[in-house]
Amino acid sequence: MSALVVGGANGIGLAIARELALNRGHERVYIVDKVAPNKEHMLEQFRFTEFDLSGSDFALFEGFSDIDTLIITAGFGRLAHFAEVEEEHITASMAVNATAVMRIIHHFYPRLSSKEPFRVAVMGSIAGFMSSPLFAVYGASKAALKIFIESVNVELEMAGTANRILHVAPGAIKGTSFYNGSTDLALTEALACEIIENMERGNDLFIPRYEEVYREVLERYHSDFRAEGRHSYEYKMNSKR
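All of the points below concern the structure found in this document. (Residues numbered from 1 in each chain as written. Predicted model: local features only at pLDDT ≥ 70, side-chain atom pairs only at ≥ 80, totals over all residues. Heavy atoms only, no water.)

Despite not being glycine, Leu134 has its phi angle at roughly 75°, a positive value. Tracing the chain through its elements places Leu134 in the loop between β5 (119-123) and α3 (136-159). In this structure Leu134 comes out as buried when scored by relative accessible area, which is 9%. The backbone of Arg209 shows a phi angle near 60°, a positive value even though the residue is not glycine. Mapping Arg209 onto the fold places it in the loop between β7 (205-206) and α5 (210-223). (Helix = DSSP H or I, 4+ residues; strand = E, 2+ residues; numbered from the N terminus. Buried < 20%, exposed > 50% of the residue type's maximum accessible area, 1.4 Å probe, protein only.)

This is how it looks when you write it as structure tokens:
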């Protein structure tokens with residue numbers, strides 16, 4: 001078995017790639033990212049290809065003909081007032097966080113829509129489920145992914161395949177470089193296992209810490225999205241992330 005992890009050089013993507021290689025029986029794990037994993041994190045099963053998701057030519061993804069698992073964790077965000085965001089950041093965010101994911105899945109859609117098992121997981125964000133002040137562009141890109149995944153999953157169901165795209169929608173993840181931190185596999189391994197297990201079960205949505213945190217947050221949002229937006233704004237300003 002072989003897997004492809006787009007964005008697997010660090011953070012949760014690297015934790016997933018290592019779990020697939022070490023404990024899930026994948027003989028090869030292809031990693032596509034802008035940079036290679038650090039040497040101390042490399043495994044003999046890894047095959048790294050450098051690629052920038054903001055580019056225009058995605059023909060690279062036609063070459064992974066032997067995979068049965070596709071996981072996309074690449075993406076970035078910037079905590080800032082919208083007035084402080086450059087136009088280039090807007091276009092790059094939508095290109096990498098949303099459009100690139102759709103393009104990659106389009107390359108693999110014949111296998112995803114077939115009767116043969118083909119596992120897919122995409123890293124979204126809880127920010128795609130609600131207003132996210134100071135994260136307006138990032139949240140918009142993840143909201144686009146939410147609707148895309150939900151829509152395609154219905155098309156897959158109606159086509160008669162059991163394959164689904166797992167939408168992973170976490171809040172902040174410790175042990176990643178998202179907030180200018182560094183990769184700490186000890187903090188991401190458990191979540192990596194949960195993601196893989198949800199994907200293997202054929203689930204279409206996984207919100208980590210849903211019962212502990214996000215059920216109440218989403219209920220508040222749907223009850224009064226304006227009030228929850230103000231609460232989110234104040235929380236981010238006070239936390240100084």
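From this point on, the discussion continues.
This part is about α5. Among the residues making up α5, those that are buried are Tyr214, Val217, Leu218 and Tyr221. What you see down the axis of α5 is that its buried residues fit within an arc of 95°, all on one side. Facing away from the buried side of α5, by more than 90 degrees, are the exposed residues Glu211, Glu212 and Ser223. (Arc of directions from axis to C-beta.)

Within the fold, Ser132 resides in the loop between β5 and α3. According to the relative accessible area criterion, Ser132 is buried, its value standing at 11%. In this structure, Ser132 is in contact with Ala127 and Lys236, ignoring residues within four places of it in sequence. (Contact = heavy atoms within 4.5 Å.)

Rolled over the atoms, a probe sized like a water molecule indicates the empty space that remains. Applying the stated criterion across every chain yields a total of one cavity of 30 Å³ or more. Empty space within the largest cavity amounts to approximately 60 Å³. Lining the largest cavity, in full, are Arg78, Ala80, His81, Phe82, Val85, His89, Leu134, Phe135, Ala136, Val137 and Tyr138. Here the lining of the largest cavity gets three residues from one element, more than from any other, and that element is α3. Split by residue class, the lining of the largest cavity holds eight nonpolar, two polar and one charged. (1 Å grid on protein atoms, 1.4 Å probe; cavity = no way out; pocket = protein on both sides within 12 Å on 5 of 7 lines; lining within 4 Å. Points joined across faces, edges and corners; volume = space filled by probe spheres on them. Nonpolar A, V, L, I, M, F, W, Y, C, P; charged D, E, K, R; others polar.)

A few words now on the sheet that holds strand β3 (residues 46-50). Pairing is parallel in the open sheet, where seven strands are placed in the order β3-β2-β1-β4-β5-β6-β7. Among the strands making up the open sheet, the edge pair consists of β3 and β7. Examined bridge by bridge, strand β2 (residues 28-33) and β3 share five bridges and lie parallel to one another. Within β3, the position partnered with Val29 by the bridge is Phe46. (Pairing = 2+ DSSP bridges.)

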